[in-house]
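Inside the fold
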Amino acid sequence: MKEIKTIGILTSGGDAPGMNAAIRAVARTALYNNLRVVGIRRGFAGLINGDIFEMNLRSVKNIIMLGGTFLYSARCPEFMTESGVQRGTEICKEAGIDAVCVLGGDGSFKGAAALAEHGIQCIGIPCTIDNDISASDYTIGFDTAVNTAIDMVDRIRDTSQSHDRCSVVEVMGRHAGYIALETGVSCGATAILVPELPLDLDSVSDKILTSLRSGKQNFIIVAAEGVGDTSKIAEEIQKKVGIETRLTVLGHVQRGGHPTAKDRSIASFMGHYGVELLLKGKSNRVIVSQNGKIMDLDFKSAFNMTKHLDMELYRASQEISI
Ligand code: ATP
């Protein structure tokens, strides 16, 4: 087993609150174990451009509480080609990087797996607000994003209530309804629209009208962005129920902000765990949380896994908010 001397850290794909806490944990654990640590800016784009800097214990001071990523993030189509990966491998060799910690989503892990195939030890740490990495029950950033969305929906409800309105709130989640479900349950939304289920605006409208008859005065519909054109959905609901219906798209506000305790602690633990894996000579692994336990899987089996929205929670939420 080749002993590693230098670890590189990069963040790739969409940023997520808690990435900084994970970077800090990787850097500090590696330095604690007398390894050299380098930061790679802007994901794989920075790697192939050699945008690399030395890190010491103080390089990661005062970042645990910050959203975003102080290493910056990027998408790099060039790394999806064989020549891009070869270039990344050469740069690693030139910079003396034996191992790379990749913080990102499934796409970034494909990049990490490609780099591992070229002999660079790689591990992935799941960071995405969407919680849509199948192998892991939880991804860093999700809790912060949901708490931000809840705060926003609570504010929307205040004004919605004052004007007897219905509010459709679009949250992130192009392919997965995790943010929508968690936010909707936590805000008592009348309806939660997720991409995993067919859109049924007749049922939503019937539900609004039934609760209107029982004295309910304001209605929150939480919709994941993947369900379709939410402005059309708001228009359609207004037409069907005759109540003024406004749309609010939360957008990138969900991606920023101070990470919650959950995101800081899980990021710290995953970062620490990842370096320990590399020290044991492991490569091609993604760190995951399964049933509350942090563990690791090889990239290939992780890519083949599937994860489903908790339909029991969905059903319960719909029965509660009547
Ligand atoms: P997000 O959750 O924000 O979508 P992600 O990591 O899945 O995060 P992607 O845009 O899919 O984001 O991928 C990020 C980067 O990873 C890409 O820009 C590219 O550099 C690299 N990447 C993605 N897929 C591959 C692949 N098949 N081979 C090599 N590199 C890849």
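In the block above lies the structure referred to throughout.
Residues numbered from 1 in each chain as written. Predicted model: local features only at pLDDT ≥ 70, side-chain atom pairs only at ≥ 80, totals over all residues. Heavy atoms only, no water.

**Here's the deal with the pattern of salt bridges**
Between side chains of opposite charge, a pair can form when the charged atoms approach closely. Considering all chains together, one arrives at 14 salt bridges under this definition. The partner of Asp151 in a salt bridge is Arg155, with the nearest N and O atoms 3.4 Å apart. Placement of both Asp151 and Arg155 in helix H5 (residues 142-162) is noted, with a separation of four residues, approximately one turn of the helix. A salt bridge links Arg315 to Glu319; the nearest nitrogen and oxygen atoms lie 3.1 Å apart. In this pair, Arg315 and Glu319 both sit in helix H11 (residues 311-320), four residues apart, roughly one turn of the helix. By relative accessible area, Arg315 is classed as partly exposed at 43%. Taken together, the shared-partner salt bridges in this structure form one network comprising Arg41, Arg42 and Asp51. (Salt bridge = Lys/Arg side-chain N within 4 Å of Asp/Glu carboxyl O. Helix = DSSP H or I, 4+ residues; strand = E, 2+ residues; numbered from the N terminus. Buried < 20%, exposed > 50% of the residue type's maximum accessible area, 1.4 Å probe, protein only.)

**A few points about the nonpolar core**
Grouped together as the largest cluster of nonpolar side chains are 77 residues, with contacts concentrated most on Ile7, Ile9, Ile125, Ile208, Ile221 and Ile237. No other element matches the eight residues that helix H1 (residues 19-32) contributes to this core. Residues in contact with Ile9, not counting those within four places in the same chain, are Ile23, Val26, Ala27, Val37, Val38, Gly39, Ile40, Met55, Leu71, Cys101 and Leu103. Among the nonpolar cores identified, the runner-up in size contains 31 residues, and Ile91, Ala113, Ala116 and Phe299 belong to it. (Core = buried A, V, L, I, M, F, W, Y, C linked by side-chain atoms within 4.5 Å. Contact = heavy atoms within 4.5 Å.)

**Let's talk about the environment of Ser211**
Within the secondary structure, Ser211 sits in helix H7 (residues 201-213). When the C-alpha positions of Ser211 and Ile322 are compared, they lie 5.8 Å apart, and in sequence the two are 111 residues distant. With residues near it in sequence (within four places) discarded, Ser211 still touches Thr190, Lys216, Phe219 and Ile322.

**With respect to the pairing of strand E8 (residues 219-224)**
Counting buried positions along E8 yields six of six residues, so the element is predominantly enclosed. Side-chain alternation along E8 places Phe219, Ile221 and Ala223 on one buried face and Ile220, Val222 and Ala224 on a second face that is also buried. Strand direction decides the pairing type here: strand E6 (residues 166-171) and E8, joined by six bridges, are parallel. Counterpart to Cys166 in the pairing with E8 is Phe219. With three bridges joining them, strand E7 (residues 191-193) and E8 adopt parallel strand pairing. Paired with Ile192 across the two strands is Val222, which belongs to E8. In this region the chain leaves E7, passes through H7 and returns to the parallel neighbour E8; the handedness of that crossover is right-handed. (Pairing = 2+ DSSP bridges. Right-handed = clockwise from strand over helix to strand, strands pointing away.)

**Some thoughts on the sheet that holds E7**
As summarised here, the arrangement of the four strands in space is E7-E8-E6-E9, forming an open sheet in which the pairing is parallel. A strand with exactly one partner marks an edge of an open sheet, and here the two such strands are E7 and strand E9 (245-249). This sheet shows a mean twist of 20° between the axes of neighbouring strands, independent of strand direction. Packing against the sheet, H7 makes contact with E6, E7 and E8, and its axis sits at approximately 160° to E8. (Axes fitted to C-alpha atoms, helices over the stretch in contact; angles between N-to-C directions.)

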